[in-house]
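# Structural description and commentary
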Amino acid sequence: MDRAPGPSVRLRLTLSYAGFLMIAGTLLLATVWLFLLRYVPDEAMSNRGGFVPNRGDLQDAFAPKAALAMVFLLVFGLVGGWVLAGRMLAPLTRITEATRRAATGSLSHRVGLEGGNDEFRELADAFDTMLARLEAQVTEQQRFAANASHELRTPLAISQTLLDVARNDPGRGADELVDRLYAVNSRAIQLTEALLLLSRSDQRAFTREPVDLSLAVEEATETLLPLAEGRGITIETSGDITRTIGSQALLLQMTTNLVHNAIVHNLADGGSVWVSTTAFADGVLLTVENTGAHLDPRLVSTLTEPFQRGTERVHSDSGVGLGLAIVRSIVQAHDGALTVAARPTGGLRITVRLPAAIVPDAVPYH
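Described below are features of the structure shown in this document. As the structure is a computational prediction, the values presented were derived from the model and not from experiment.

### What to know about the sheet that holds strand E8 (residues 337-342)
- Spatially, five strands are ordered E4-E6-E7-E9-E8 in an open sheet, and the strand pairing comes out mixed. Two strands bound the open sheet, and with one partner strand each, they are strand E4 (234-239) and E8. Across the sheet, the mean angle from the axis of one strand to that of its neighbour is 10°, orientation sign disregarded.
- Both strand E6 (residues 272-279) and strand E7 (residues 283-290) contribute to a ladder of seven bridges, which runs antiparallel. In the sheet register, Thr278 faces E7, and the bridge partner there is Leu285.
- Lying over the sheet, helix H8 (residues 323-333) contacts E8 and strand E9 (348-355), oriented at roughly 145° with respect to E8.

What follows is the structure, given as structure tokens:
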């Protein structure tokens, strides 16, 4: 952005310091004049002790010295103000240099300002915190883009292979080819829709409205009940009315992903899923637990990353590997907190804490 050239902050501070000293000196000399010299008589005086100067004599002696003092104050104010302003603005110079480095893409640099907790230190610490968050987000986006590209390339490569086989072997059955292409295309569509949903929640592009989380739990469990019954898994729901603020569609998607994840990553037969909601004064809590294999805590901490399934990044029919990543993004977009922990007896315990909706006081009936 082009701007008209102007004096630097250091120069303006220097002139301010020098001007302050000049004003202070002028006021001091004016005080001497008003309260001392005006009481000296104008006429010449003499006494037995010798010569006594009058007001004119004192003015002649005082004026040159006052002029020299003003010149000294001006020079001292300019030099001292320039040095002092430089020392005062040194932290700002370091912050500016860090900003320029960040503008070129170097997010690893930090200001690291030492000293006491003053305004510059608070600004530097806030800037370092912002750089750390930006660096983490950029790294995560780069990793996500690489993983998404890999995942999207896989179904396209499979489709290309199937088409090559069909072209090289015209006598091969078309029904089998169509079925496989349909399955691969369906998976690509699911992955694309999941990526779009993840982008939508990351951008917080939704309208906030009152939502009862317990109703979302009921709808999600009813939708996924046939899947659970087909796998021999029981679902138990309990809890209170839990009112929060957010997107009805996104919170339903969050709940559905959690219940779906608890069903497909469960015991082969006879597993269980427990879903409960709890209301607090300042928040609501959604808890989803399931039975399953014993999980390493180090693995659990990575399950909310994109394209993580079970014990490794693998292709499976259980999803596209974005279920818990979408859940985390939706929770963050609603200013909530997500906790994933391994159960001692096997399986996972996932809790989502969201802010409670502010319910207006009831209007008394007259």
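### Digging into the side chain of Thr287
- Position of Thr287 relative to the elements: it lies in strand E7.
- Taking the relative accessible area as the measure of exposure, Thr287 reaches 4% and is therefore buried.
- Excluding its chain neighbours within four sequence positions, the residues that come into contact with Thr287 are Trp274, Val275, Ser276, Arg349, Ile350 and Thr351.

### Re the side chain of Asn257
- Within the secondary structure, Asn257 sits in helix H6 (residues 248-264).
- Within the structure, Asn257 has its side chain in polar contact with the side chain of Gln253 (distance 2.7 Å).

### Remarks on the pairing of E9
- Note: E7 against E9, seven bridges, orientation antiparallel. Bridging across to E9, Val288 finds its partner in Ile350.
- Two elements, E8 and E9, share six bridges in a ladder whose sense is antiparallel. Within E9, the residue paired with Leu338 across the bridge is Val352.
- Where E8 hands over to E9, the hairpin turn is made up of five residues, of which Gly346 adopts a positive phi near 110°.

### What to know about the pattern of salt bridges
- Tallied over the full model, the rule gives six salt bridges.
- For the salt bridge of Glu97 with Arg101, the shortest nitrogen-to-oxygen distance reads 3.8 Å. With Glu97 and Arg101 both in helix H2 (residues 55-103) and four residues apart, the pair spans about one turn of that helix.
- Relative accessible area serves as the criterion here: at 38%, Glu97 is assigned to the partly exposed category.
- A salt bridge links Arg353 to Asp282; the shortest N-O distance between them is 3.3 Å. Note that Arg353 is positioned in strand E9 and Asp282 in the loop between E6 and E7, a separation of 71 residues in sequence.
- Taking the relative accessible area as the measure of exposure, Arg353 reaches 34% and is therefore partly exposed.
- Ionic contacts of the salt-bridge type, sharing partners, join the residues Glu289, Arg343 and Arg349 into one network.

Criteria and thresholds
Residue positions within a chain follow its written sequence, with the count starting from 1. Two thresholds apply to this predicted model, a pLDDT of at least 70 for residue-level local features and 80 or more for giving and counting side-chain atom pairs, whereas whole-chain, interface and lining totals are computed over all residues. Note: side-chain values were computed over all heavy atoms of the structure, leaving out hydrogens and water. A pair of strands is considered paired only if DSSP assigns at least 2 bridges between the two. Secondary structure follows DSSP: runs of H or I at least 4 residues long count as helices, runs of E at least 2 residues long count as strands, and numbering of each begins at the N terminus. Geometry is summarised by axes, namely lines fitted to C-alpha atoms with helices restricted to the contacting stretch, and by angles between N-to-C directions that run from 0 to 180 degrees. Whether two residues are in contact is decided by their heavy atoms, any of which lying within 4.5 Å being enough. Partly exposed residues are those whose accessible area sits between 20% and 50% of the maximum for their type, while under 20% is buried and over 50% is exposed, using a 1.4 Å probe and protein chains only. Whenever two N or O atoms come within 3.5 Å, that pair is a polar contact, provided that in protein one can donate a hydrogen and the other can accept it, and provided that, for residues adjacent in sequence, both atoms are side-chain atoms. Salt bridges are defined as contacts in which a side-chain nitrogen from Lys or Arg sits within 4 Å of a carboxyl oxygen from Asp or Glu.

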